[in-house]
Amino acid sequence: MATASGSGDEVPADGVPTGRVPAEDVRTGEIPADLTPHPADKIYADGPGTSELDLAEVQQEISDAAPLAAAPSSESGAPDPAKAAEPDDVIRQPDDVEPDTAHDESGHARRVGPEGATRPISEDGERPSPKAALVYNPIKVDAGTLRDTVTRLAAKAGWSEPLFYETTVDDLGDDVTRQALEEGVDAVLVAGGDGTVRAVSEAMSGSGVPLAIVPSGTGNLLARNLKLPLTEPAAMVQAVFDGDTLAMDVGWTELARPDGTTAEHAFVVMGGIGLDAAMIANTNPQLKKTVGWVAYVDGAARSLPNAKPFRVVYELPGHRLHSSKVQSVLFANCGKLPAGLDLIPEASIADGALDIVIFQPKGLFGWLFVWRRVAWDNSFLRRFRAGRRVLSLRTKDSAVVYSRGAGIELATHEARPVQLDGDEFGEALSVKTRVEASALLVVVPKGHTTDGL
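Residues numbered from 1 in each chain as written. Predicted model: local features only at pLDDT ≥ 70, side-chain atom pairs only at ≥ 80, totals over all residues. Heavy atoms only, no water.

1. A short note on unusual backbone geometry
The phi dihedral of Lys227 is positive, around 60 degrees, even though this residue is not glycine. Residue placement: Lys227 occurs in the loop between α8 (221-225) and α9 (233-242). Residue Lys227 is classed as partly exposed on the basis of its relative accessible area of 40%. (Helix = DSSP H or I, 4+ residues; strand = E, 2+ residues; numbered from the N terminus. Buried < 20%, exposed > 50% of the residue type's maximum accessible area, 1.4 Å probe, protein only.)

2. Some details on the packing of helix α5 (residues 143-156) against α9
Packing of α5 against α9 brings their axes to within 10 Å, and their N-to-C directions diverge by 35 degrees. At the point where α5 passes α9, the crossing takes the right-handed sense. Side by side, α5 and α9 meet where Leu146, Thr149, Val150, Leu153 and Ala154 of the first sit next to Ala234, Val237, Gln238 and Phe241 of the second. A class-by-class count of the residues in the contact of α5 with α9 yields 7 nonpolar, 2 polar and no charged. (Axes fitted to C-alpha atoms, helices over the stretch in contact; angles between N-to-C directions. Left-handed = near helix turned anticlockwise from the far one by under 90°. Contact = heavy atoms within 4.5 Å. Nonpolar A, V, L, I, M, F, W, Y, C, P; charged D, E, K, R; others polar.)

3. Topic: the confidence of the model for the protein
Regions with low pLDDT carry predicted coordinates that are not meant to be interpreted in detail. Looking at the protein, the pLDDT average stands at 78 and 67% of residues meet or exceed 70. Low pLDDT, under 50, characterises residues 1-53; the predicted model gives this stretch 33 contacts beyond four residues in sequence or across chains. In this model, residues 68-75 is a region of pLDDT below 50 whose contacts with residues beyond four sequence positions or in other chains number 2 contacts. (pLDDT = per-residue confidence, 0-100.)

4. Section: the side chain of Asp342
Counting through the fold element by element, Asp342 comes out in the loop between β13 (328-332) and β14 (354-359). A polar atom in the side chain of Asp342 sits 3.3 Å from the side chain of Lys336. (Polar contact = N/O pair within 3.5 Å; in protein donor to acceptor, adjacent residues only side chain to side chain.)

5. A closer look at helix α6 (residues 174-182)
For α6, the complete set of buried residues consists of Asp174, Val176, Thr177 and Ala180. Each buried residue of α6 sits inside an arc of 160 degrees when the element is viewed along its axis, so together they form one side. For α6, the elements touching its buried residues are β4 (132-136), β5 (163-166) and α7 (194-204). Of the residues flanking the end of α6, it is Gly184, one or two places downstream, whose phi is positive at about 80 degrees. (Arc of directions from axis to C-beta.)

Listed below in structure tokens is the structure:
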């Protein structure tokens with residue numbers, strides 16, 4: 001039986017402790033076949049063995065190299081720090097080298113002097129400045145004035161020169177926004193109608209990059225719901241550089257077309273299928289440019305006479321399947337409409353849920369109930385304590401049905417028109433909506449109240 005050594009290793013009969021390299025292997029520099037090689041062995045595989053080293057020769061080489069190390073020159077082959085740092089005085093490490101973060105330095109880029117000594121990178125322009133991008137609809141805005149404003153305020157804040165992107169008929173803003181994100185911008189500004197805001201928001205959902213809305217269109221639905229200044233574009237541009245951010249939900253809708261294709265789009269305010277979409281489709285575009293949202297009254301006048309209820313089958317997550325005849329089904333992230341109308345007073349952009357509104361009026365009196373609910377009850381009476389008391393005593397009617405949840409799935413027998421944030425999106429046989437909580441960071445002015453949002 002072998003005895004135990006002082007280190008705790010067992011010593012076999014040959015006298016060599018288990019797990020140690022035999023003395024002859026140490027002398028020759030050879031690695032035993034039964035020892036797992038260390039990664040460093042491969043690095044030094046081409047080096048000489050210990051038997052090949054002569055201690056006297058090594059000491060002589062060290063003493064010969066000492067003067068060269070003390071006074072490096074171009075003839076010695078040592079790199080010149082001043083030349084290595086050209087043209088911007090920064091020596092950069094390769095991407096495959098682990099950054100050295102000692103002394104609170106990034107390790108990725110270090111400023112050095114001519115003598116090669118490390119200097120901290122200051123905030124005097126050596127580090128890349130933040131950069132913003134402006135996506136705008138040239139038809140909706142004064143492009144020259146807005147670009148000048150963004151450029152001037154960005155320079156004043158110490159940001160780099162902004163990037164500018166125009167929307168087109170073929171690109172509502174989502175494609176150019178993705179290009180801006182690929183450029184690594186720190187913020188995106190959007191100026192245009194509700195459709196432009198929707199498209200840009202779709203591209204930015206989940207990016208973590210703040211979005212600033214510069215009110216420019218006729219509806220400004222999202223800006224109204226966020227209570228942003230509608231007539232002060234410079235205030236919203238300035239908010240990019242010194243404002244606050246608010247995380248809001250984004251709704252997504254998957255549409256199944258009559259031809260069997262599907263498409264998914266985002267919305268930030270509300271979407272719908274049925275009469276509301278037909279009203280938007282029947283609105284005169286030229287009239288909308290002239291009088292703004294009031295043009296939807298014309299669209300309603302064109303749509304209501306031929307409006308007929310249609311059968312839908314719908315289901316909210318966690319609830320049973322329903323079937324009903326409706327005029328319209330809305331799925332909303334926000335609740336306010338132009339002209340002070342409050343369609344969904346309890347709607348919130350940050351509750352992680354969508355509000356569902358089902359319009360199912362029966363005859364003329366049914367439409368009167370709808371109008372009373374939206375224009376009188378929600379938009380006026382709810383503002384006062386006495387008015388809320390009156391509403392609590394009123395008999396409920398089924399002309400307007402409200403619900404709330406993570407989304408809604410519905411299907412129709414015949415294809416019906418669909419709208420998202422006030423833009424028509426063709427017809428669909430089925431709609432499947434979902435909410436992505438806190439997916440979009442929106443910029444608000446410093447100190448802007450977010451109560452009730």
